[in-house]
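# Geometric and topological summary
Residues per chain, in single letters:
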Amino acid sequence: MRQTWRWFGPEDPIKTDDVRQAGVEGIVSALHHIPPGEVWTPEAIARRQAEVGLMQDGLPSGLAWEVVESLPVSEDIKRQSGDWKDHITHYKDSLRNLAEAGIEVVCYNFMPLIDWTRTDLAHRLPNGATCMRFDLYDFAAFDIHILQRSGAAESFTEEVVEEAARRHAAMTPAHCEALARNIVSGLPGAAEHLSLDEFRARLAVYDNIAPDRLRRNLADFLTEVAPVAQDLGLRLCCHPDDPPFPLLGLPRIMSTEADYRALVEAVDLPANGITLCSGSLGARLDNDLPGMMERLGDRVHFLHLRNVRVEGEAKVNSFHEDEHLGGGTDMVGLVAAVLREERKRRAAGRADCSIPFRPDHGQNILDDLTRQTQPGYPAIGRLKGLAELRGIIAALSHSTEGTVR
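Residues numbered from 1 in each chain as written. Predicted model: local features only at pLDDT ≥ 70, side-chain atom pairs only at ≥ 80, totals over all residues. Heavy atoms only, no water.

Moving on to the overall build of the chain. A tally of helices and strands in the chain yields 14 helices and twelve strands. Scaling as 2.2 N^0.38, a compact globule of 405 residues should have a C-alpha radius of gyration of about 22 Å, and the chain matches this with 21 Å. In terms of its C-alpha atoms, the chain occupies a principal-axis envelope of roughly 60 × 50 × 45 Å. Sequence separation of at least 24 residues holds for 71% of the intrachain contacts in the chain that already meet a minimum separation of 6. Total accessible area computed for the chain in this model is approximately 17,000 Å², and 51% of it derives from carbon and sulfur atoms. (Helix = DSSP H or I, 4+ residues; strand = E, 2+ residues; numbered from the N terminus. Rg over C-alpha atoms; globule rule 2.2 N^0.38 Å. Contact = heavy atoms within 4.5 Å. Areas by Shrake-Rupley, 256 points an atom, 1.4 Å probe, with all protein chains shown as cover.)

Take a look at the structure:
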């Protein structure tokens with residue numbers, strides 16, 4: 001398992017010096033400043049590679065940009081509207097430029113409009129740490145009473161609707177504004193600070209797009225780009241929905257094992273693969289992460305390893321980001337399944353026998369609590385998670401083959 005670290009570029013308060021000290025082997029990054037649908041030029045890619053390769057004092061960092069996360073799929077491609085055909089052409093050009101630069105793994109997602117959704121970006125835990133949290137009742141209060149989305153109440157159970165009304169009645173204007181800001185933070189380019197009217201307008205463009213239509217659009221996208229990736233020696237990997245259930249009336253099509261089975265069967269090429277995110281998929285109690293790795297492992301090209309604590313027994317629940325060895329996912333079982341898949345790949349002579357993973361998200365602990373970072377991406381919390389994951393990997397790797405689960 002190849003240890004990587006997500007780095008947001010020169011503006012990231014966590015510098016390459018810090019990443020180097022974490023002892024990882026490679027960097028996961030993206031050109032977030034380039035709008036979706038535009039080409040990632042060779043010059044822009046080379047500039048990021050150079051930034052990754054240096055520490056602040058100008059000495060070599062010893063790190064390289066190994067995984068792209070994400071090469072964004074434009075909303076026009078997802079909806080097949082506007083300039084979507086040009087955007088697919090640009091996507092192929094970007095893939096060619098990345099391959100020419102020596103990068104082989106490209107993560108993307110097909111979530112409409114919002115990349116992730118949380119109601120609290122700094123939920124305080126009993127030990128004083130903070131984490132990101134999704135509170136179903138607060139979210140319903142936003143959807144029904146703050147956003148006032150048409151038909152919103154029909155998306156929730158009667159019990160959730162009643163509690164959401166009580167929550168909203170007790171909220172101050174400042175609380176309502178903070179809740180809306182947290183939810184909108186999951187939009188790409190969230191620094192735009194969209195008004196509620198602007199947010200409603202963006203949601204409206206998906207009014208006539210049902211899940212089956214979005215699945216067809218994803219299959220059409222993959223039919224175009226996966227053969228290009230295959231010819232270039234690239235590995236595409238689709239990230240799951242976060243959280244893995246419908247929100248805001250938007251279609252969700254990457255939430256379950258069946259969704260991923262349909263993805264890999266839609267375009268049956270090795271290049272068409274999966275980002276297995278244990279945190280996103282783990283927010284549904286019916287997702288079996290070790291089992292998914294066991295059954296779909298030959299198409300898993302990238303791993304996000306984190307854990308969530310689901311706060312209920314229903315299909316849709318509140319949840320919060322737990323410690324990497326806490327939460328509901330059997331992390332030991334999942335890592336064991338990854339190591340078994342890697343052994344199969346080595347035996348088959350596959351060049352991609354070491355699957356890149358990164359410690360995804362992390363709780364804010366110690367100095368993280370006073371450092372402004374991307375939500376979910378503190379330095380020390382992620383390093384703690386990485387250390388725990390390293391312990392699992394070392395223990396299982398040093399076991400005899402017969403005792404690795």
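All right, on to the sheet that holds strand β5 (residues 120–124) then. Spatially, β5-β6-β11-β10 is the arrangement adopted by the four strands of the open sheet, whose pairing is antiparallel. A single partner strand is all that each edge strand has here, and the edge strands are β5 and β10 (307–310). Adjacent strand axes in the sheet meet at a mean angle of 40° when their direction is disregarded. Strand direction decides the pairing type here: strand β6 (residues 130–134) and strand β11 (residues 319–322), joined by two bridges, are antiparallel. From the neighbouring strand, Arg133 faces β11, where its bridge partner is His320. (Pairing = 2+ DSSP bridges. Axes fitted to C-alpha atoms, helices over the stretch in contact; angles between N-to-C directions.)

On to the sheet that holds strand β9 (residues 300–305). The sheet built from eight strands closes into a barrel, its strands ordered β1-β2-β3-β4-β7-β8-β9-β12 with parallel pairing. Each adjacent strand pair in this sheet contributes to an overall mean axis angle of 30°, direction not counted. With three bridges connecting them, strand β2 (residues 26–29) and strand β3 (residues 65–69) associate as parallel partners. For Ile27, the partnering residue across the bridge sits in β3 and is Trp65. Strand contacts of helix α2 (residues 42–52): β2 and β3, with the helix running at about 125° to β3, the strand carrying the most contacts. Contacting β1 (2–6), β9 and β12 (356–359), helix α14 (residues 379–397) runs over the sheet at an angle of about 130° to β12.

As enumerated under the stated definition, the model contains eleven aromatic pairs in all. The positively charged end of Arg79 is found above the aromatic ring belonging to Tyr206, 5.8 Å away from the centroid. (Phe/Tyr/Trp six-rings, centres within 6.5 Å; stacked < 30°, edge-to-face > 60°. Lys NZ or Arg CZ within 6 Å of the ring centre and 35° of its normal.)

How two helices pack is summed up by the angle between their axes together with the distance between the axes. Close contact between helix α13 (residues 331–348) and α14 brings their axes to 10 Å; oriented N to C, the two are set at 55°. The orientation of α13 relative to α14 falls into the category oblique. Handedness of the α13/α14 crossing: right-handed. Where α13 abuts α14, its residues Met331, Val332, Val335, Ala336 and Leu339 lie against Leu389, Ile392, Ile393, Leu396 and Ser397. Residues of the contact of α13 with α14, tallied by class, amount to nine nonpolar, one polar and no charged. (Parallel < 35°, antiparallel > 145°, perpendicular 65-115°, else oblique. Left-handed = near helix turned anticlockwise from the far one by under 90°. Nonpolar A, V, L, I, M, F, W, Y, C, P; charged D, E, K, R; others polar.)

We now examine the environment of Glu66. Along the chain, the position of Glu66 falls in strand β3. A C-alpha to C-alpha distance of 34 Å links Glu66 and Tyr206, two positions 140 residues apart in sequence. Reaching out from Glu66, the side chain makes a polar contact with the side chain of Arg2 at a distance of 2.7 Å. (Polar contact = N/O pair within 3.5 Å; in protein donor to acceptor, adjacent residues only side chain to side chain.)

Looking now at the packing of helix α4 (residues 84–100) against helix α9 (residues 211–232). At a minimum axis separation of 10 Å, α4 and α9 run at an interaxial angle of 15°. Here α9 runs roughly parallel to α4, going by the angle between their axes. Classified by chirality, the crossing of α9 by α4 is right-handed. Residues Ile88, Tyr91, Lys92, Leu95, Arg96 and Ala99 of α4 lie in contact with α9, whose contacting residues are Phe221, Glu224, Val225, Val228 and Leu232.

On to the pairing of β12. Burial of the side chains of β12 extends over both faces: Pro356 and Arg358 are buried on one face and Phe357 and Pro359 on the other. As paired elements, β1 and β12 share two bridges and run parallel to each other. Note that in β12 the partner of Arg2 across the bridge is Pro356. In terms of strand pairing, β9 meets β12 through three bridges, oriented parallel. (Buried < 20%, exposed > 50% of the residue type's maximum accessible area, 1.4 Å probe, protein only.)

What follows covers the environment of Val160. With respect to the helices, strands and loops of the structure, Val160 is situated in helix α6 (residues 158–169). The class of Val160 is buried, set by a relative accessible area of 5%. Between the C-alpha atoms of Val160 and Leu147, which are 13 residues apart in sequence, the distance is 16 Å. Beyond its immediate sequence surroundings of up to four residues, Val160 is in contact with Leu136, Tyr137 and Ala140.

Along any regular strand the residues' side chains alternate between the sheet's two faces. Side chains Gly26 and Val28 project from β2 onto one buried face, and the interleaved Ile27 and Ser29 project onto a second face that is buried too. Bridge count between β1 and β2: three bridges; the pairing is parallel. Each bridged residue has a counterpart across the sheet, and for Arg6 the counterpart in β2 is Val28. Crossover β2 to β3 through α2 is right-handed. (Right-handed = clockwise from strand over helix to strand, strands pointing away.)

Attention now goes to unusual backbone geometry. The omega torsion of the bond from Glu69 to Ser70 falls at 0°, within 30 degrees of zero and hence cis. Inspection of the secondary structure puts Ser70 in the loop between β3 and α3 (75–79). At the junction of Asp242 and Pro243, the peptide bond is cis and its omega measures out at 0° in the coordinates. Of note, Pro243 is situated in the loop between β7 (235–239) and α10 (257–266). Residue Gln80 is not a glycine yet carries a positive backbone phi of 55°. Mapped onto the fold, Gln80 is located in the loop between α3 and α4. Phi is positive for Leu366, which is not a glycine, with a value near 50°. Turning to its location among the elements, Leu366 is positioned in the loop between β12 and α14.

Coordinates in, geometry out; function isn't part of it.
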